[in-house]
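Here is how the chains run, residue by residue.
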Amino acid sequence: MASIYKRKDRETWVCEWTEDGKLHRKTAGKTRKVALQVKAQVERRLELKRYGVIDDVIEQSAKPLEEHLDDYQQHLIAGERAETHWKQTIYRIRRVLDGCKFLYATDIKPLVVEKWLKAQRDLVDTRFVSGVAQTRKGIASAFEVSRHTVLNWRRAGAPIESRPYDLAAVSAWVRENRSPALSEQTSNYYLTAINAFLNWMVAYERLRKNPLSVVKPLTITRDEKRVLTPEAFDLFLEAAWNGEPFRGLSGRLRYALYVVAANTGLRRSELRSLIAESFDLQEDQTPSVLVRSSDAKNSNTRILPLRNDVVEVIRPVLASCFPGSSVWPGSWPGRSADMVRRDLEAA
């Protein structure tokens, strides 16, 4: 049963009841009459729930998707996911929900999502943007795309070389090259993000089943990857050592970066997150490097052993690092492919 009361120092009434072993309270209006109506509504809902007429899943499904998305964001943050990961995930989910005009879970239809994703892949940016931008972030903001997309434009030949950037010239290039709003790979990323969200809702009894489980990702033909021979890799390292600095990384630092990456399999973001204290090179223990859960893609803390030859490469680098500072500082992560490509060409 529910009860109502009003505190002497408050103007509003409060309705209080116990459900599933937990005490609940909600504001019940400023008059006793309204409070009694709220109390009756709560008791009726509890009675229907008791006899199985309604259940928690139906109640949760009646909430706006935006509320569920806020809770999912907190779930990702609590799971110590990298900030860039959860922000990008939430952004993609919200784009799908807004683009398909889904307000409640019952609105979600597989065909609508498939049509929206295809429309985004077929969409050509025909907007004309004028003015100037001082940074690539400014270009991304003007065209409402990610900075990664702007970087891809630059690699493809867009006039994004020197500041200030002419937005009209960039706009003309985008229209001429018919740049799609969404690539096939990115389309799959959007589908993965919304599926993860709906699977979370199912796991937390907010949805009976994932309505998008029938939607399959696109099959993408990838270019064949080539593996460097040991001799070619040595030439690559030599070219890096003798190369000019790249976005804050000297040739010596790139040499150590490539050696650690090749021997640990760490990703770009994981390498960028390493600080001097991440390495344990004490002589009485097995040399290792620690990747924190907040920086790892799989959100698991990892301790990776290091071979002695790798230790000899990284030790002088760590000797020049300040405590708590990044081993490989600079803005190179956003242009890491260009960095590797330049050293490969020099080799």
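Residues numbered from 1 in each chain as written. Predicted model: local features only at pLDDT ≥ 70, side-chain atom pairs only at ≥ 80, totals over all residues. Heavy atoms only, no water.

Quick notes on the overall build of the protein
- Secondary structure assignment for the protein yields 14 helices and eight strands.
- Taking 20 Å as the expected radius of gyration for a compact globule of 347 residues, we find that the protein reaches 27 Å, considerably beyond that expectation.
- In terms of overall dimensions, the protein has C-alpha extents of about 80 × 60 × 45 Å along its principal axes.
- Counting all 347 residues of the protein, 37% fall into the buried class.
- Contacts in the protein between residues at least 24 apart in sequence constitute 60% of all its contacts with a sequence separation of at least 6.
- For the protein, the accessible area works out to roughly 21300 Å², and carbon and sulfur atoms hold 51% of it.
- Placing the 56 positive and 44 negative side-chain charges of the protein at their respective mean positions leaves the two points 7 Å apart. (Helix = DSSP H or I, 4+ residues; strand = E, 2+ residues; numbered from the N terminus. Rg over C-alpha atoms; globule rule 2.2 N^0.38 Å. Buried < 20%, exposed > 50% of the residue type's maximum accessible area, 1.4 Å probe, protein only. Contact = heavy atoms within 4.5 Å. Areas by Shrake-Rupley, 256 points an atom, 1.4 Å probe, with all protein chains shown as cover. Lys, Arg positive; Asp, Glu negative; His and termini not counted. Charge placed at Lys NZ, Arg CZ, Asp CG, Glu CD.)

As for the sheet that holds strand 7 (residues 288-291)
- Spatial ordering of the open sheet is given by 6-7-8, a layout of three strands whose pairing is antiparallel. Two strands bound the open sheet, and with one partner strand each, they are strand 6 (279-280) and strand 8 (302-305).
- Inspection of the sheet shows strand 7 paired to strand 8 by four bridges, in the antiparallel sense. Across the sheet, Val 291 pairs through a bridge with Arg 302, a residue of strand 8. (Pairing = 2+ DSSP bridges.)

A closer look at helix 9 (residues 184-203)
- Over its 20 residues, helix 9 runs 28 Å from end to end, which matches the ideal 28 Å to within 8%, given 1.5 Å per residue.
- Along helix 9, the residues that are buried comprise Ser 187, Asn 188, Tyr 190, Leu 191, Ala 193, Ile 194, Asn 195, Phe 197, Leu 198, Trp 200 and Met 201.
- Contacts from the buried residues of helix 9 go to helix 3 (65-78), helix 4 (83-100) and helix 5 (110-122).
- Positioned one or two residues after helix 9, Glu 205 has a phi angle of 55 degrees, which is positive. (Expected span 1.5 Å × (residues − 1).)

Remarks on the pattern of salt bridges
- In total, this model carries 15 salt bridges according to the counting rule given.
- A salt bridge links Glu 270 to Arg 302, with the shortest nitrogen-to-oxygen separation between them at 2.9 Å. In this pair, Glu 270 is assigned in helix 12 (residues 268-273) and Arg 302 in strand 8, connecting sequence segments 32 residues apart. (Salt bridge = Lys/Arg side-chain N within 4 Å of Asp/Glu carboxyl O.)

A short note on the pairing of strand 2 (residues 13-19)
- Judged by how many residues are buried, strand 2 sits mostly within the fold: six of seven residues are covered.
- Pairing geometry for strand 1 (residues 3-6) and strand 2, over four bridges, is antiparallel. Looking at strand 2, one finds that Ile 4 is bridged to Cys 15.
- Linking two consecutive strands that pair antiparallel, namely strand 1 and strand 2, is a turn of six residues.

Some thoughts on the packing of aromatic side chains
- Scanning the entire structure with this criterion turns up nine aromatic pairs.
- Pairing Trp 241 with Tyr 255 gives two aromatic rings, centres 5.3 Å apart and planes at 85 degrees, and the pair type is edge-to-face. Taken together, the residues Trp 241 in helix 10 (residues 230-242) and Tyr 255 in helix 11 (residues 251-264) connect sequence positions 14 residues apart.
- Judged by relative accessible area, Tyr 255 falls into the partly exposed class, the value being 24%. (Phe/Tyr/Trp six-rings, centres within 6.5 Å; stacked < 30°, edge-to-face > 60°.)

Points about the sheet that holds strand 3 (residues 22-27)
- Sheet architecture is open: three strands sit in the order 1-2-3, paired in antiparallel fashion. If you trace the sheet from one side to the other, it starts and ends with strand 1 and strand 3, each paired once. Sheet twist, expressed as the mean angle between neighbouring strand axes with direction ignored, is 30 degrees.
- Sheet topology places strand 2 next to strand 3; six bridges connect them, and they run antiparallel. For Trp 17, the partnering residue across the bridge sits in strand 3 and is His 24.
- In the packing of helix 1 (residues 32-50) onto the sheet, the strands contacted are strand 1, strand 2 and strand 3, and the crossing angle to strand 2 comes to about 15 degrees. (Axes fitted to C-alpha atoms, helices over the stretch in contact; angles between N-to-C directions.)

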